[in-house]
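# Analysis of the macromolecular model
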Amino acid sequence: MEQERLHPEATGDLSNLLYDICLAAKIIARNVRRAGLTDILGGTTTVNVSGDLQQKLDLVANETVRNSLQHTGRICVMASEEDEAPIPVPANVPAGKYVVLYDPLDGSSNIDVNVSIGTIFSIYRRVSPEGTPGKLADCLQEGLRQVVAGYILYGSSTMLVYTTGNGVHGFTLDPTIGEFLLSHAHIRTPEVGKYYSVNESNWNKWTPATQRVVGAFKNGDGAMKGKTARYIGSLVADFHRNLISGGVFLYPGDRKVPQGKLRLLYEAAPLAFIVEQAGGAATDGSRRILEIAPQELHQHTPLVIGSRSDVEFATARMAAE
Ligand code: AHG
Ligand code: MN
Ligand code: MN
C-alpha cells in the first residue's frame, strides 16, 4: 500500500497482482508443509525444456501459479521454467498490461529431503499493443525493465521478499491468519560477504580464472579474508542467506556448459534486480545481469551475485580471462 501511494496514478492492478502471487505462494506453502503426508513427493516421468526431470511439486506449483494469475485480467502472457512456450491467457479473459515470468519451484532436488525451496517471479509491463494477446516479445525484455521482482522462500518460515525499485522488503507468512506481514523493511546486503556459495564438485570443469576466484574466496587474497563455505543447492535459499548475512553465490559456466545451469529470465534477472536494490551486484562473470538482452525464453547464464565488493572482485578476474 505504501508503494502504491507513491504513485497517485496507480490503478491498484500491480498491488492486486502481488496479492494473486501471494495466494499462489500460500497454496504452495501448504503443499510443501504437508508434502510427506500427501502423494506429492518424488519425480514424474517428464522433463522440462532445460532437461530437468520434473518433480511432482514442480508441476503442482506450476499449475498453482498459472491458475492464480491467468483469469485475473491483469496479465497478457506468462512464462514458466516448466513450460516450453509462453502461456497465453484464456481467450475469454481480457489481456492485462503485465507479464509474469516465474520459476514455480526452485531447488527441486531438495523437495524430497525437506530442505528449503522457493518460488521466483519477475513482472514486466507488456511491450505489445494493449488489447492484443501477449506474445514472446513481451517476455524477452532486459532485466532493467522489470517492474517487480520477488521470491518466496519455503524455509524455517515462509517469506516473501520483493522489490518494485524502491528498496527490498521482506514479509513473513503468519499461518495463524494466512497473511504475509512486513518483517524485514528496507533490506540492505553487507558490502563484503561472510559466505561464498558454489558447487565445488565442478572445480575441474572451471576455467583457471574461476578456480583462482573461488580459491581466493576460500583462502583469502591480500586484504580479503577467507570466507565460510555454504551451499544449500536451492538458489533462493543460498541467495537469501547471502542477502541477509552478506555473501557471494556463483554458478559459473564451464568448458562443457559455458552458459552454466541457471536461467536468465526467471532466476538470474529477478534476483539481480533484488540484490542491486539491496546494495549488492550481479553479473554473468563479465556483464551486469540486468543489461543482458534475452534472445530466448529459457536461455542460461553464468551467475555471480551477492555482496558488491565480492562480485566486483570475481568479475574483474573472470572477465579478464
Ligand atoms: P530448479 O530446481 O528450479 O531447476 O533450480 C535448481 C537450481 C538452483 O536452485 C540451484 O542453485 C542449482 O540448481 C543447484 O544446481 P547443482 O545441483 O548443479 O549445484
Ligand atoms: Mn530454479
Ligand atoms: Mn524450478
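A few points on the structure.

Calculation rules
Residues numbered from 1 in each chain as written. Chains lettered and ligands numbered in written order. Predicted model: local features only at pLDDT ≥ 70, side-chain atom pairs only at ≥ 80, totals over all residues. Heavy atoms only, no water. Helix = DSSP H or I, 4+ residues; strand = E, 2+ residues; numbered from the N terminus. Buried < 20%, exposed > 50% of the residue type's maximum accessible area, 1.4 Å probe, protein only. Contact = heavy atoms within 4.5 Å. Areas by Shrake-Rupley, 256 points an atom, 1.4 Å probe, with all protein chains shown as cover. Lys, Arg positive; Asp, Glu negative; His and termini not counted. Charge placed at Lys NZ, Arg CZ, Asp CG, Glu CD. Salt bridge = Lys/Arg side-chain N within 4 Å of Asp/Glu carboxyl O.

With that settled, the discussion passes to the overall build of the protein. Looking only at helices and strands, the protein has eight helices and 15 strands in total. Out of the 321 residues belonging to the protein, those deemed buried represent 55%. Taking contacts inside the protein between residues at least 6 apart in sequence as the whole, the part at least 24 apart equals 62%. Total accessible area on the protein is roughly 13700 Å²; 53% of this is exposed by carbon and sulfur atoms. Between the mean site of the 30 positive side-chain charges and the mean site of the 34 negative ones, the protein shows a separation of 4 Å.

The backbone of Asn-114 sits at a positive phi, close to 60°, despite the residue not being glycine. Not every positive phi belongs to a glycine, and His-186 is a case in point at roughly 50°. On the secondary structure map, His-186 appears in the loop between strand E10 (179-184) and strand E11 (195-197). His-186 gets classed as exposed once you look at its relative accessible area, which sits at 54%.

Think of it this way: side chains of opposite charge can pair up when their charged atoms draw near. One pass over the full model with this rule turns up 14 salt bridges. The salt bridge partner of Glu-179 is Lys-26, with a shortest N-O separation of 3.8 Å. With a gap of 153 residues between them, Glu-179 in strand E10 and Lys-26 in helix H2 (residues 13-33) connect regions that are remote in the sequence. Classification of Glu-179 as partly exposed rests on a relative accessible area of 35%. For Lys-26, a relative accessible area of 25% corresponds to the partly exposed category. Between Arg-288 and Glu-276 there is a salt bridge, with its nearest N and O atoms 2.7 Å apart. Highlighted residues: Arg-288 in the loop between strand E14 (281-283) and strand E15 (303-306) and Glu-276 in helix H7 (residues 264-277), separated in sequence by 12 residues. By relative accessible area, Arg-288 is classed as partly exposed at 29%. By sharing partners, the salt bridges in this structure join Asp-52, Glu-81, Arg-263 and Glu-267 into a single network.

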